[in-house]
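# Overview (structure and organization)
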Amino acid sequence: MAILTLKDITKKYLFKNSFFSFYSGEIKAVDGVCLELEEGKTLGLVGESGCGKSTLANIILKLIEPTTGEVFFNGKEITQVREKEFRPLRRQIQIVFQDPYSSLSLRLRVKDIIAEPLEACLMEKNKILERVKELIAQVGLGQEYLVRFPHQLSGGQRQRVGIARALATSPRVLVLDEAVSSLDLSTQAQIINLLIRLQEQYKLSYLFIAHDLSLVRFVSDTVAVMYKGIIFEKGPTEMIYDNPAHPYTKLLLNSIPSFEKSLKNRKDRYMIKQDFSLNKSEKFFGCSFYQNCPKPMPCCEKQMPGLKEIGKNHFVSCFCYE
Amino acid sequence: MKGLHLCNMKKFLNHRLAVSGAIIILVISVFAISAPLISPYQPDDIAIGQYLLAPSAKHWMGTDILGRDLFSRMAYGARISLIVGLVSVCIAVIQGVFFGAIAGYYGKSVDNIIMRFVDIMLCFPNIFLILALVALLEPNIIIIMVVIGATSWMGIARLVRAEILSLKERDFVKAARACGVSDFKIIIRHLVPNAMAPVIVSATLGVAGAILLESSLSFLGIGVQPPTPSWGNILMDAKLSLGIAWWMTLFPGAAIFITVLGYNLLGEGLRDLLLLRK
């Protein structure tokens with residue numbers, strides 16, 4: 001059974017154009033997202049900047065409320081649960097952030113940072129220090145780091161502290177919100193290996209949010225491709241990478257920089273038009289990818305295609321497959 | 001990155017303004033603390049026939065119209081003026097941080113109510129508000145401190161609110177919320193300590209303002225009440241003998257000037273060190 005299920009999650013933000021206007025539109029940051037995360041598996045979520053990946057992460061952690069939709073953790077609906085009742089469940093879903101420079105408070109020592117979630121779930125005081133020492137060893141840092149402040153650590157070390165904090169309460173689901181994107185390649189490899197080791201050790205389930213596609217291929221069991229808040233394609237990693245169905249997925253995979261490709265067909269590579277207007281115009285009901293699609297059809301302009309299963313567990317949302 | 005790591009003692013010592021301000025404050029504080037040791041007379045001892053004597057070896061700063069030794073009165077007055085300055089700023093900081101933190105963290109209508117209240121408070125001309133309050137209540141030193149504190153917290157509340165508005169969106173606050181840390185603890189442990197740098201600067205500058213305000217109130221006769229000496233009411237006494245006893249106005253005036261200068265220099269120095277640093 002899936003440990004985490006997202007059902008039709010939508011998050012709308014209203015925006016005002018000027019001070020005097022009451023209401024001038026809405027942005028769908030996340031639009032009807034359905035995802036399942038199996039226990040002990042990794043779900044990779046890819047998409048360009050600003051497509052709603054982090055909003056989705058915040059919804060899963062119940063840091064923001066979705067406009068509509070349901071999140072099931074271990075079979076239990078959590079978006080409607082009150083904060084007080086949800087608190088015991090919080091320890092089971094944790095997050096590692098992208099920017100190791102803003103994810104740690106500068107005023108606290110490393111041991112206090114890692115101890116914080118333990119204190120929050122009311123662990124006994126004498127056990128906390130023991131657990132903190134155990135955690136710091138697990139993420140491959142020496143005991144001497146416990147008394148340091150974050151500004152005395154490098155980016156990679158900070159990220160390890162962030163991971164140690166997330167692991168402190170032995171969560172079952174870990175959301176990795178671009179957890180390695182801001183690190184250099186060798187550190188990335190170390191952190192990824194650490195994460196894989198921890199997953200095997202504790203049967204953790206990861207939601208791996210990233211924009212590095214080769215990295216996602218390496219760690220994920222299933223992949224979901226997101227564009228403008230909508231999941232356009234999802235399925236087993238191998239199927240998506242070997243046989244991408246949606247034009248946006250093809251485009252993404254095509255844009256992975258590679259030496260041979262860049263020599264061969266640099267010219268006929270299709271480039272995406274930068275368009276940050278999102279779905280501002282409410283009159284447009286068609287496919288969100290319409291403006292960028294290399295092969296748009298007349299029906300694409302009228303209606304958003306639904307997700308359709310085209311292979312085993314391989315879903316795609318495009319009229320080419322209707 | 002803004003930070004309070006005063007382990008940068010070296011940087012502080014290299015900052016001439018800040019150091020000279022700190023030295024002035026230190027000297028004045030030592031002067032105030034050691035008042036019983038250094039003053040040759042009791043501050044309210046009246047020497048009959050020795051009124052309005054010019055400074056001499058016997059009376060270092062002369063005597064006042066009642067024949068009291070001005071140096072002794074200045075030393076004891078320093079205690080009152082400094083204590084009023086510091087305590088009222090402490091009250092203002094506590095109040096400002098409390099309201100600012102709540103407004104910034106909870107946002108929406110809470111924020112709106114608190115900040116509109118701040119706007120209303122800022123509309124009152126400070127000194128007239130205090131005049132009205134002191135007229136209603138009996139003026140004594142505690143009331144003076146509370147009233148000065150309660151009318152000067154708005155700037156700090158605004159600073160703290162602004163800092164917290166940006167801090168609460170940071171990932172470390174999200175991480176704490178994701179762990180189930182309570183709102184109160186997030187504010188106390190994560191937000192307020194990270195928002196303290198501008199508060200410290202503004203509080204240091206605020207001490208100077210509070211000392212000035214206390215002096216003006218005492219000068220008007222509604223501050224610290226005689227016979228307790230404060231720099232302000234020594235100046236008030238000097239009013240009567242303005243033309244004939246220059247020492248009566250010079251010394252308390254200079255003391256207020258130097259102390260305010262000291263706090264302002266320290267405040268500006270701290271601003272350079274804590275806020276403008278890259």
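To continue, consider the overall build of chain B. Helices and strands together make up the secondary structure of chain B, namely 13 helices and 0 strands. Written out in order from the N terminus, the α and β elements of chain B read α-α-α-α-α-α-α-α-α-α-α-α-α. With respect to the principal axes defined by its C-alpha atoms, chain B has extents near 75 × 45 × 25 Å. Looking at the 278 residues of chain B, the share that counts as buried comes to 49%. Long-range contacts, defined here as pairs at least 24 residues apart, represent 73% of the contacts in chain B between residues at least 6 apart. Only carbon and sulfur atoms are counted for the fraction: they give 72% of the accessible area of chain B, which is about 13,100 Å². Looking at chain B, you have 22 positive and 15 negative side-chain charges, and the mean spots of the two groups are 11 Å apart.

Before going further, it helps to examine a nonpolar patch on the surface. On the surface, Ile46(B), Ile48(B), Ile65(B), Leu66(B) and Leu240(B) cluster together into a nonpolar patch covering about 550 Å² of accessible area. Residue placement: Leu240(B) occurs in the loop between helix H12 (231-238) and helix H13 (246-275).

Take the pairing of strand S1 (residues 2-14) of chain A next. All names here are of chain A. Relative to strand S2 (residues 26-38), S1 is paired through 9 bridges, and the arrangement is antiparallel. When the bridges of S2 are listed, Lys11 appears paired with Val30. Pairing geometry for S1 and strand S4 (residues 68-73), over 5 bridges, is antiparallel. Across the sheet, residue Leu6 finds its bridge partner in S4, namely Val71.

Turning our attention to the nonpolar core. Soluble, globular proteins show a tendency: their nonpolar side chains are buried together. Counting residues in each nonpolar core, the largest one holds 71 residues, and the members touching the most others are Met74(B), Leu191(B) and Trp231(B). Per element, the largest residue contribution to this core is 14 residues, and it comes from helix H4 (residues 70-106) of chain B. Those residues in contact with Met74(B) that sit more than four places away from it in its chain are Phe31(B), Met61(B), Trp231(B), Ile234(B), Phe251(B), Pro252(B) and Ala255(B). Core analysis: the second largest hydrophobic core is formed by 56 residues, Leu118(A), Ala179(A), Val180(A) and Ile192(A) among them.

Moving on to the interface of chain A and chain B. With 24 residues of chain A at the interface, the matching set in chain B holds 22 residues. Interface area, chain A with chain B, both sides summed: about 2,200 Å², of which 52% is carbon and sulfur. The largest contributions to the chain A side of the interface with chain B come from Leu63(A), Arg107(A) and Glu116(A), which together make up 29% of the buried area. Ionic pairing is found between Arg189(B) and Glu119(A), a salt bridge with its closest N-O pair at 3.0 Å. Linking chain A with chain B are 10 residue pairs in polar contact (both at pLDDT 80 or more). Of all the secondary structure elements, the ones that give two or more residues to the side of chain A that touches chain B are helix H2 (83-90), strand S6 (93-96) and helix H3 (110-120) of chain A. Element by element, the count of residues in the side of chain A that touches chain B is highest for H3(A), at 5 residues. For the side of chain A that touches chain B, a count of residues per class yields 10 nonpolar, 6 polar and 8 charged.

Quick notes on the rules
Residues numbered from 1 in each chain as written. Chains lettered and ligands numbered in written order. Predicted model: local features only at pLDDT ≥ 70, side-chain atom pairs only at ≥ 80, totals over all residues. Heavy atoms only, no water. Helix = DSSP H or I, 4+ residues; strand = E, 2+ residues; numbered from the N terminus. Buried < 20%, exposed > 50% of the residue type's maximum accessible area, 1.4 Å probe, protein only. Contact = heavy atoms within 4.5 Å. Areas by Shrake-Rupley, 256 points an atom, 1.4 Å probe, with all protein chains shown as cover. Lys, Arg positive; Asp, Glu negative; His and termini not counted. Charge placed at Lys NZ, Arg CZ, Asp CG, Glu CD. Patch = residues over 30% accessible without salt bridge, like charges linked within 9 Å, V, L, I, M, F, W, Y side chains within 5 Å. Salt bridge = Lys/Arg side-chain N within 4 Å of Asp/Glu carboxyl O. Pairing = 2+ DSSP bridges. Core = buried A, V, L, I, M, F, W, Y, C linked by side-chain atoms within 4.5 Å. Buried area = accessible area lost by both parts, 1.4 Å probe. Polar contact = N/O pair within 3.5 Å; in protein donor to acceptor, adjacent residues only side chain to side chain. Nonpolar A, V, L, I, M, F, W, Y, C, P; charged D, E, K, R; others polar.

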